[in-house]
Amino acid sequence: MALPLVQTGDVSIERWTSKVPLEGHRILLLGATGSGKSSFIEALAGSHNLLGISGSTLASVTQDVQAFKVVNVQAKQYDNDVWPVFIIDTPGQEMLKRSEDHFGQLQNVIWKDEVKRGAVMVKFQNTQASALEILIGAQVWDSIFSSVFNPNGKTELPPLVLTELMGRIQNARHERQVILRDRFQLLTLPDPGCDLDSTLIQLLKDVDGRLTNYIHQLVVFGSPVPNVPDPESIMYQHLFSITLSWQQFIHANKFALTQSPSLSPARRAVLKKSLRASIDNFISAYVTLNTVGNPPSNVQPFAPTVKLGMLDQIKLTTLMQAKRLQLQRKAL
């Protein structure tokens, strides 16, 4: 049975910054970068209500997940109750760049069985009328949610999602290696002229955060997937690499500080600041690594080669105890 969407007046769009209510009908927009997801929302808003969330190039404008409420459109439930409708805009996927190929693959491969059962696919014409026609004509079928998004199902979508996710992990790892190389090179310069190290540290933390998120999604994906290493093992190795990198930065910073005759006072101050940041990040990474569980059988346990000062040792012990206590409380 389908859940119809009903228009009750002039349609517009409102940004939604609060938590989307449980009794709200959510429509998640997924698609390639530049495929028109944000343009679809702006078209619904109408020409008088510019949201500024879409662009005219294939570069992704949407960087974070954003929620929008569709004004004067409601979703009728099985019990005749009505729910507000929310559209969730997402960052562009890199999986399929060409919209024509994307549409054809969706229609003829991914959603083939659903189309046979009566589902209809239409192209968005970049107008409010077209957006309304798509939105009001949308029908949500329970069978889609029980089969298409099942990682163990026989549809084509799970492998494509997994391929996209593994691609993001690979790209983020490459980005991380570039940042690591640049930062190590920066530490060897006697006077780079500006404090680029803080910028590189932030970039490294950002990419590590994205990598952790991607790998967590891989863990949540579910059952083991053919030709893909165990997600738990990937997560541990990732955290191992983060901890090792910060340890290497500590050693590199200390070595750079030993070059005292050639260092200016300003450069020495920058290196000391960098060393402090590296120690703090190492402690944080080491705590996380040692609270995710035992290392996989094919991975050697991390062996610290950094000698921390007394205050840093106390900090490490305190954070470790707090983290383990937090995990114990979550397990209750």
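Residues numbered from 1 in each chain as written. Predicted model: local features only at pLDDT ≥ 70, side-chain atom pairs only at ≥ 80, totals over all residues. Heavy atoms only, no water.

*Asks:* Which parts of the structure should I look at to understand helix 10 (residues 310–331)?
*Replies:* Residue pairs spaced three or four apart in an α-helix point in one direction, given the helix's 3.6 residues per turn. The terminal C-alpha atoms of helix 10 lie 32 Å apart, and with 22 residues this matches the ideal 32 Å at 1.5 Å per residue to within 8%. Among all positions of helix 10, only Asp-312, Leu-316 and Met-320 are buried. Down the axis of helix 10, the sector holding all buried residues measures 75°, keeping them to one side. Every exposed residue of helix 10 that faces more than 90 degrees away from the buried side is listed here: Met-310, Leu-311, Gln-321, Gln-328 and Arg-329. (Helix = DSSP H or I, 4+ residues; strand = E, 2+ residues; numbered from the N terminus. Expected span 1.5 Å × (residues − 1). Buried < 20%, exposed > 50% of the residue type's maximum accessible area, 1.4 Å probe, protein only. Arc of directions from axis to C-beta.)

*Asks:* Which parts of the structure should I look at to understand the pattern of salt bridges?
*Replies:* Once their charged atoms are close, side chains differing in charge can pair, the charge on each being opposite to the other. Per the counting criterion, the structure on display carries 6 salt bridges. Put simply, Asp-182 and Arg-181 hold a salt bridge, and the shortest N to O gap is 3.4 Å. The salt bridge involving Lys-315 is made with Asp-280; its shortest N-O contact spans 3.2 Å. Residue Lys-315 is located in helix 10, and its partner Asp-280 is located in helix 9 (residues 265–289); the two are separated by 35 residues in the primary sequence. Here the residues in one salt-bridge network are Arg-276, Asp-280, Asp-312 and Lys-315, joined through shared partners. (Salt bridge = Lys/Arg side-chain N within 4 Å of Asp/Glu carboxyl O.)

*Asks:* Help me understand the pairing of strand 4 (residues 82–89), please; the structure alone is not making it clear to me.
*Replies:* Looking down a regular strand, the side chains alternate between one sheet face and the other. Strand direction decides the pairing type here: strand 2 (residues 25–28) and strand 4, joined by 4 bridges, are parallel. Opposite Arg-26, over in strand 4, you have Phe-86 as the bridge partner. The pairing of strand 3 (residues 66–76) with strand 4 spans 8 bridges and is classified as antiparallel. The residue bridging Ala-75 from the neighbouring strand is Trp-83, located in strand 4. (Pairing = 2+ DSSP bridges.)

*Asks:* Sorry, what's going on with the sheet that holds strand 1 (residues 5–16) here?
*Replies:* Think of a sheet as strands paired side by side through backbone hydrogen bonds, with each pair either parallel or antiparallel. Sheet architecture is open: 4 strands sit in the order 1-3-4-2, paired in mixed fashion. Only two strands of the sheet have a single partner each, and these edge strands are strand 1 and strand 2. Adjacent strand axes in the sheet meet at a mean angle of 20°, parallel and antiparallel pairs treated alike. The strands touched by helix 1 (residues 37–45) are strand 1, strand 3 and strand 4; relative to strand 1, the strand with the most contacts, the crossing angle is about 120°. (Axes fitted to C-alpha atoms, helices over the stretch in contact; angles between N-to-C directions. Contact = heavy atoms within 4.5 Å.)

*Asks:* Can you help me understand the confidence of the model for the chain in this one?
*Replies:* For residues with low pLDDT, the predicted coordinates do not support detailed interpretation. Averaged over every residue, the pLDDT of the chain is 75; the share at 70 or more is 69%. When mean pLDDT is compared element by element in the chain, helix 9 scores highest at 89, while helix 5 (residues 142–147) scores lowest at 42. Confidence drops under pLDDT 50 across residues 55–63; counting only partners more than four residues distant or on other chains, this segment forms 17 contacts. Here residues 140–150 is a poorly scored stretch, pLDDT under 50, and it has 23 contacts once near neighbours within four places are set aside; other chains count. (pLDDT = per-residue confidence, 0-100.)

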